[in-house]
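Residue strings, one per chain:
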Amino acid sequence: MRAALRLHTRARLLSHFICSVNKQTKKSELSIKTCSVNVARFQSVATLQGTLGSTFHTTTNSPKVDSVHLDVAFSVGETVKEQYHQSKNHTSSNRVVEDVADGRNVKENALLHHEINLALPDLHEETKRAVIEHLRDIIGVRNREDLLFVEPDDIKPFLTPIQSRRLVQVFRKVESGSSNNPKEPETTCSTTVQVPLQGNSLCSAQASGQLPSTQPNVSNTSWISNFSVPWEKMPTRLSQALASGGMAHPEDRRIMIRTVVEGMRVHCPNPNRAACGEVARAIVSKYPATFADKTAEGEQLGCGYYSLLKQLKTRVEHVNRDNVSSRIRQPRKRSTRENNEGDVAIKRGRSELDSYGCINWQPTTLPEGETTETLETKRQTMSTVFRSAGPQAIETTDVNTYMSLTYIYQRHMLNSWPAPTLCEVQEHWPFLFTKRGLCTHFHTLTDIEVETRLSEALLTKGRRILNFFQSQRLQWNKEIEHLLRESDSAKLNHNQIATAAILLLMKYFQEKEDSIFILADAFSTKMSVEREMTLPITPRVIALGNNFMSASRWMISLEGKVFYEPEQMHDFASTLAVFFASYYVFNLEYQESASITLEMIQRFFVRINPDMGTKCPAKLGTSRKTGRVIKRKVTSISPRITTFLQRLSEFEWRTSN
């Protein structure tokens, strides 16, 4: 051991000596650098053999230093892989030093590296470096214009034929794109930035012949700040609707979309989504009564201009479908984190998603005259009352008062992390698992009487949805047609109208019934359901009957257990109120398989319409057509919902006039 320590000390002293010699001259620097690389390589071999504490010698010739003798001891616990990466990083850094010492231009490397990444994003870094050095030192590429003269045969030794052709094609596109119109860079919309509508730019450009930059090039004189909608070209009927504040005719709205996009493309051939969003926002802010997304009650739906933005962007993509020169979308290489995680989103704490749609998610002030000790005493008292009197005690004044006073205490447990299980929550707050207790908590959380609002909305809006589907039978698929025939067979009561409306929406959005509903025998109990069925983790409505339409009793399951029994819910509206409120009270996400229908209930029936955020953050989902797992685009409002609401409004507008 002492011998190993002496050898280690000698190695450190000699390493310091090498560093001092390394600073004297350039030639000694290069010599010692070669020596260091060899040292790292021999260390890897020695570690692989398990010869801890052994030494090796390397001799290097130099005009200034005749020989260098190194005795190097191994580091305990350092693996072959770690030492290999150290030597690899050391070699890479030394190569950069050589480039600078030889007077190489770093911009040439950055230019070539960027263009290779565009064509071959998955190419190995070592191969990229070899291609860059070959193009720079052998072929003689010095600037962007030289890329035009590169041929596939020039890089044949390093790439496959297909890779060579792809790279050369990108070289020629980039060179021709940068030289076609160097004086008007603002017509290229590949780099974008979001800015306020007043006074700044949305469509910036890449300057000709300059290296790409991660910072967008924003010009104060860009087209978006001066763009004006050509209202003089609009149909007379639309102008009258704008003047009177009425709704635009569907045909006039489509003409307006075409006219606006035509005007935008005069300035920018392919406006990006941010530019379309600013134009849509300006139109809606000027004529909100005609173009804004609103519910039947006049409340703003989401940001208020999402449907108009969607139409503008769809039209832009349509007119650019064959235009390859103005495309702005580039393939994105998936990060290592995305490849490793896939669809498994590991939640590491509370986020804005949990407070989505809430106005009192985490109160911070205790009720007047209360302390943590008095709140704990009230909690214990309610637990005692529940064990003696059962869930019916929620109807008493004292329990209601205690539930109201301990709201902050309830949120403290529900919002804690790691999140408690619902069984643990039920043990501490049993009255929260009654219909009245949950709906009262939801009212404090969101300022919405969910049972009252859903009862009214399902009756009125449910009839509107049913009428929408029944009046256009020839447009729907067999599943919708079968459900419509079933609803025609008898006069529908309130429960059946509400159930039919939700089921029709699920079939329209191509979501399976079992992602929300489960059918059980009419005489099933909580124990029999839990024993005979495998209940999912996400919330479900368990309908007791021969089919969903004829069911008259319901239960709610959460985390694979039945928490709300039929005795608490007297109709379908109250069942849906408990089902929907549980997502907000217990900080649950919408299941992806039913996310569109749940968001429709949220925005159309309950009228919770946040501008930003979503209750379904899943990045992967199941294709409604093929059943395959696909990447899912997370948006603040589903485009299928805005499309349906627009079709519903147009249908009612046509039938009422």
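Residues numbered from 1 in each chain as written. Predicted model: local features only at pLDDT ≥ 70, side-chain atom pairs only at ≥ 80, totals over all residues. Heavy atoms only, no water.

A. Quick peek at the overall build of the protein chain. Scanning the protein chain for helices and strands turns up 25 helices and eight strands. For the protein chain, with 657 residues in total, the buried portion stands at 43%. Sequence separation of at least 24 residues holds for 65% of the intrachain contacts in the protein chain that already meet a minimum separation of 6. On the protein chain, roughly 35,400 Å² of surface is accessible, and the fraction owed to carbon and sulfur atoms is 52%. (Helix = DSSP H or I, 4+ residues; strand = E, 2+ residues; numbered from the N terminus. Buried < 20%, exposed > 50% of the residue type's maximum accessible area, 1.4 Å probe, protein only. Contact = heavy atoms within 4.5 Å. Areas by Shrake-Rupley, 256 points an atom, 1.4 Å probe, with all protein chains shown as cover.)

B. Fine view of the packing of aromatic side chains. Enumeration according to the criterion identifies 27 aromatic pairs in this entry. Plain terms: the ring middles of F579 and Y583 are 5.4 Å apart, the flat faces sit at 90° to each other, and that makes the pair edge-to-face. Linking F579 with Y583, this pair stays in helix α23 (residues 572-585), spanning four residues, or about one helical turn. The burial state of F579 is the same as that of Y583; both residues are buried. Joined through ring pairs, the aromatic side chains of F468, F469, W476, Y508, F509, F644 and F651 make up one cluster. In this arrangement the basic side chain of K378 is found over the ring face of Y402, its NZ or CZ atom lying 5.5 Å from the centre. (Phe/Tyr/Trp six-rings, centres within 6.5 Å; stacked < 30°, edge-to-face > 60°. Lys NZ or Arg CZ within 6 Å of the ring centre and 35° of its normal.)

C. Up close: unusual backbone geometry. Of note, the bond from W417 into P418 is cis; its omega dihedral lies within 30 degrees of zero at 0°. Its place among the elements puts P418 in the loop between α16 (407-414) and α17 (422-428). A positive phi angle is found at D447, which is not glycine, with a value near 65°. Residue placement: D447 occurs in the loop between α18 (435-446) and α19 (450-470). The exposure class assigned to D447 is exposed, which follows from its relative accessible area of 51%. The backbone phi angle of R607 is positive, close to 65°, even though this residue is not glycine. Structurally, the position occupied by R607 is in the loop between α24 (595-606) and β7 (620-622).

D. Local environment of a positive patch on the surface. Where like charges cluster on the molecular surface, the positive patch consists of R254, R258, R647 and R654. For the positive patch, the elements supplying multiple residues, two or more each, are α9 (250-267) and α25 (639-656). Mapping R654 onto the fold places it in helix α25. (Patch = residues over 30% accessible without salt bridge, like charges linked within 9 Å, V, L, I, M, F, W, Y side chains within 5 Å. Salt bridge = Lys/Arg side-chain N within 4 Å of Asp/Glu carboxyl O. Lys, Arg positive; Asp, Glu negative; His and termini not counted. Charge placed at Lys NZ, Arg CZ, Asp CG, Glu CD.)

E. Summary view of helix α21 (residues 494-508). Along its 15 residues, α21 runs 21 Å from first to last C-alpha, staying within 8% of the 21 Å computed at 1.5 Å per residue. Taken across its 15 residues, α21 has 13 buried, putting it largely inside the fold. Positioned one or two residues after α21, Q510 has a phi angle of 60°, which is positive. (Expected span 1.5 Å × (residues − 1).)

F. A look at the environment of K313. Inspection of the secondary structure puts K313 in helix α12 (residues 306-319). Between the alpha carbons of K313 and V261 there is a distance of 8.7 Å; along the sequence they are 52 residues apart. In this structure the side chain of K313 is engaged in a polar contact, spanning 3.2 Å, whose partner is the backbone oxygen of P271. (Polar contact = N/O pair within 3.5 Å; in protein donor to acceptor, adjacent residues only side chain to side chain.)

G. Main features of the sheet that holds strand β4 (residues 540-544). If you walk across this open sheet you meet the four strands as β3-β4-β5-β6, and the pairing is mixed. The open sheet terminates on both sides in strands that have one partner only, identified here as β3 (517-520) and β6 (561-564). Within the sheet, the average angular offset between the axes of one strand and its neighbour, ignoring direction, is 40°. Where β3 meets β4, four bridges bridge the pair, whose relative direction is parallel. Paired with F517 across the bridge in β4 is V541. Of the strands in this sheet, β3, β4, β5 (553-558) and β6 touch α23, which is tilted by about 5° from β5. (Pairing = 2+ DSSP bridges. Axes fitted to C-alpha atoms, helices over the stretch in contact; angles between N-to-C directions.)

H. Region of the structure containing the pairing of β6. Relative to β6, β5 runs antiparallel, the two sharing three bridges. For S557, the partnering residue across the bridge sits in β6 and is V562. Connecting β5 to the antiparallel partner β6 that follows it, the hairpin turn spans two residues, and E559 within it adopts a positive phi of roughly 50°.

I. Quick look at helix α20 (residues 478-488). Every buried residue of α20 is accounted for by I480, L483, L484 and S487. In an axial view of α20, the angular spread of the buried residues amounts to 100°, which keeps them on one side of the axis. On its buried face, α20 is in contact with α19 and α21. (Arc of directions from axis to C-beta.)

J. Fine view of the pattern of salt bridges. Following the criterion strictly, the structure yields 13 salt bridges and no others. The partner of R485 in a salt bridge is E481, and the shortest N-O contact between them spans 3.7 Å. On the criterion of helical spacing, the pair formed by R485 and E481 is a turn pair, its members being four residues apart in helix α20. Judged by relative accessible area, R485 falls into the partly exposed class, the value being 47%. Put simply, R237, E251 and D252 are held in one network by salt bridges that share partners.

K. Region of interest: the nonpolar core. Residues F469, Y564, Y584, F586, F605 and F644 are the most contacted members of the largest nonpolar core, which totals 91 residues. By residue number, the principal contributor to this core is α23, which donates 11 residues. Apart from residues no more than four positions distant in its own chain, Y564 is found in contact with L432, F433, T434, K435, L438, M555, I556, L558, M569, V578 and F586. (Core = buried A, V, L, I, M, F, W, Y, C linked by side-chain atoms within 4.5 Å.)

L. Representation of the confidence of the model for the protein chain within the structure. Confidence along the protein chain averages 74 in pLDDT terms, with 71% of residues attaining 70 or more. Confidence drops under pLDDT 50 across residues 23-104; counting only partners more than four residues distant or on other chains, this segment forms 102 contacts. Below a pLDDT of 50 lies the segment residues 335-345, which in the model reaches seven contacts outside its immediate sequence neighbourhood of four places, other chains included. (pLDDT = per-residue confidence, 0-100.)

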